[in-house]
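Given next are the chains, with one letter for each unit.
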Amino acid sequence: MDEFFKVDPLQSGTKGIIFVGDMMLVCRRDDKTDHFPLKLDFPGGGSELNESPFDTFKREAMEEFGLKIKPSDIIYFRKYPSTLFPGKNTYFPVAKLPVTERNNVTFGGEGTEWLLMSVQEYLHNTDAVPFLAERTRDYLENVKNQKLLKAQ
């Protein structure tokens, strides 16, 4: 987990899941973007100079949704090769916030709307960003495997 909190000079960005209670926080992208217009997206974005993946995610969550993410909120992360920048890395964290944080969401205007939806709703929605749906499935598989290992 330490890697997520250290600066990665090859990081291009961080985008992941924020659970508010048992629901995922998503936003619908606007039609002015070149990448995945009007698709259902997760919090996150490009990294700034000398940001760790966590710092990027924390900043983006605040800018996009007005939510404060603490290191203790991160329950999972995985590094992937960037889909947009060959040779760079992107990070996919999962944060868990209490359901009461729903009242603190302040939509920052990147996109057209924000929504809370179940994991299954997102995965079965044709508007889900394809690579984010794939990473969500990876996360679910990892959680399932961890539970199986603990049960043994």
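Residues numbered from 1 in each chain as written. Predicted model: local features only at pLDDT ≥ 70, side-chain atom pairs only at ≥ 80, totals over all residues. Heavy atoms only, no water.

### As for the confidence of the model for the protein
The predicted model of the protein averages 92 in pLDDT, with 95% of residues at 70 or higher. When the elements of the protein are averaged for pLDDT, helix 3 (residues 130-151) gives the smallest value, 84, and strand 2 (residues 17-20) the largest, 98. (pLDDT = per-residue confidence, 0-100. Helix = DSSP H or I, 4+ residues; strand = E, 2+ residues; numbered from the N terminus.)

### Re the pairing of strand 7 (residues 89-97)
Across the nine residues that make up strand 7, a large majority, eight, are buried. Pairing of strand 1 (residues 11-15) with strand 7, which is carried by three bridges, proceeds in the parallel orientation. Of the residues in strand 7, the one forming a bridge with G13 is T90. Relative to strand 7, strand 2 is paired through four bridges, and the arrangement is parallel. Bridge assignment links V20 to a residue of strand 7, and that residue is L97. Bridge analysis of strand 6 (residues 74-81) against strand 7 gives seven bridges, and the strand direction is antiparallel. By the bridge assignment, R78 is partnered in strand 7 with F92. (Buried < 20%, exposed > 50% of the residue type's maximum accessible area, 1.4 Å probe, protein only. Pairing = 2+ DSSP bridges.)

### A word on the nonpolar core
The biggest cluster of nonpolar side chains holds 20 residues, and the ones touching the most others in it are I17, M24, F42, F92 and Y122. When residues of this core are traced back to their parent elements, those giving at least two are strand 2, strand 3 (23-28), strand 6, strand 7, helix 2 (119-123) and helix 3. Counting residues per element, this core draws most heavily on helix 3, which supplies four residues. Listed in part, the 17 residues of the second largest apolar core include F54, L67, Y91 and A95. (Core = buried A, V, L, I, M, F, W, Y, C linked by side-chain atoms within 4.5 Å.)

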